[in-house]
Amino acid sequence: QVQLVESGGGLVQAGGSLRLSCAASGRTFGSYGMGWFRQAPGKEREFVAAINWSGDNTYYPDSVKGRFTISRDNGKNTVYLQMNSLKPEDTAVYYCAARASFGFASYRDYDYAYWGQGTQVTVSS
């Protein structure tokens with residue numbers, strides 16, 4: 001069992017940056033694949049980024065590639081999402097998620113067993 005707590009959301013102007021953090025409980029964080037997802041009002045949950053247990057492999061959809069960077073610090077039980085060049089369409093609640101399947105990452109939300117409560121990101125135009 002792992003508990004996830006996101007932080008770092010807020011209001012930012014278009015073109016600005018934010019860094020989200022997701023702190024995980026438990027001593028096995030380093031064995032989990034981690035992902036970030038987002039959900040805007042009236043829309044389905046959307047994949048944003050994923051990283052494997054070691055941090056060697058990362059994945060992004062085209063919508064954020066080159067602007068967002070996922071990273072992790074297994075010593076601090078934390079995964080990060082650095083978001084640059086933010087756009088109004090990035091406005092959403094952002095969730096981090098964890099999966100234990102040998103630490104592999106995934107772009108599919110149903111592959112993740114553990115979820116945080118979410119943090120709001122609002123990008124003004």
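So, how was this worked out
Residues numbered from 1 in each chain as written. Predicted model: local features only at pLDDT ≥ 70, side-chain atom pairs only at ≥ 80, totals over all residues. Heavy atoms only, no water. Salt bridge = Lys/Arg side-chain N within 4 Å of Asp/Glu carboxyl O. Helix = DSSP H or I, 4+ residues; strand = E, 2+ residues; numbered from the N terminus. Buried < 20%, exposed > 50% of the residue type's maximum accessible area, 1.4 Å probe, protein only. Pairing = 2+ DSSP bridges. Axes fitted to C-alpha atoms, helices over the stretch in contact; angles between N-to-C directions. Disulfide = S-S within 2.5 Å.

1. Notes on the pattern of salt bridges
When their charged atoms lie close together, side chains carrying opposite charge are able to pair. If you walk through the whole model with that rule in mind, you get six salt bridges. When the shortest N-O distance is used, the salt bridge between Asp90 and Arg67 registers 2.8 Å. Remark: Arg67 occurs in the loop between strand 6 (58–59) and strand 7 (68–73) and Asp90 occurs in the loop between strand 8 (78–83) and strand 9 (92–99); sequence separation between them is 23 residues. An identical accessibility class is assigned to Asp90 and Arg67; each is buried.

2. What about the sheet that holds strand 8?
Adjacent strands of a sheet form backbone hydrogen bonds with each other and so pair up, either parallel or antiparallel. Sheet architecture is open: four strands sit in the order 1-3-8-7, paired in antiparallel fashion. A single partner strand is all that each edge strand has here, and the edge strands are strand 1 (4–7) and strand 7. Sheet twist, expressed as the average angle between the axes of neighbouring strands with direction ignored, equals 15 degrees.

3. Description of the state of the cysteines
Under the defined criterion, the tally for this structure stands at one disulfide. The side chain of Cys22 participates in a disulfide bridge whose partner is Cys96; the two sulfur atoms lie 1.9 Å from each other. Here the disulfide of Cys22 and Cys96 is right-handed, its torsion about the S-S bond being about 45 degrees. Placement of Cys22 in strand 3 (residues 18–24) and of Cys96 in strand 9 is noted, with a sequence separation of 74 residues between them. For Cys22, a relative accessible area of 0% gives the class buried.

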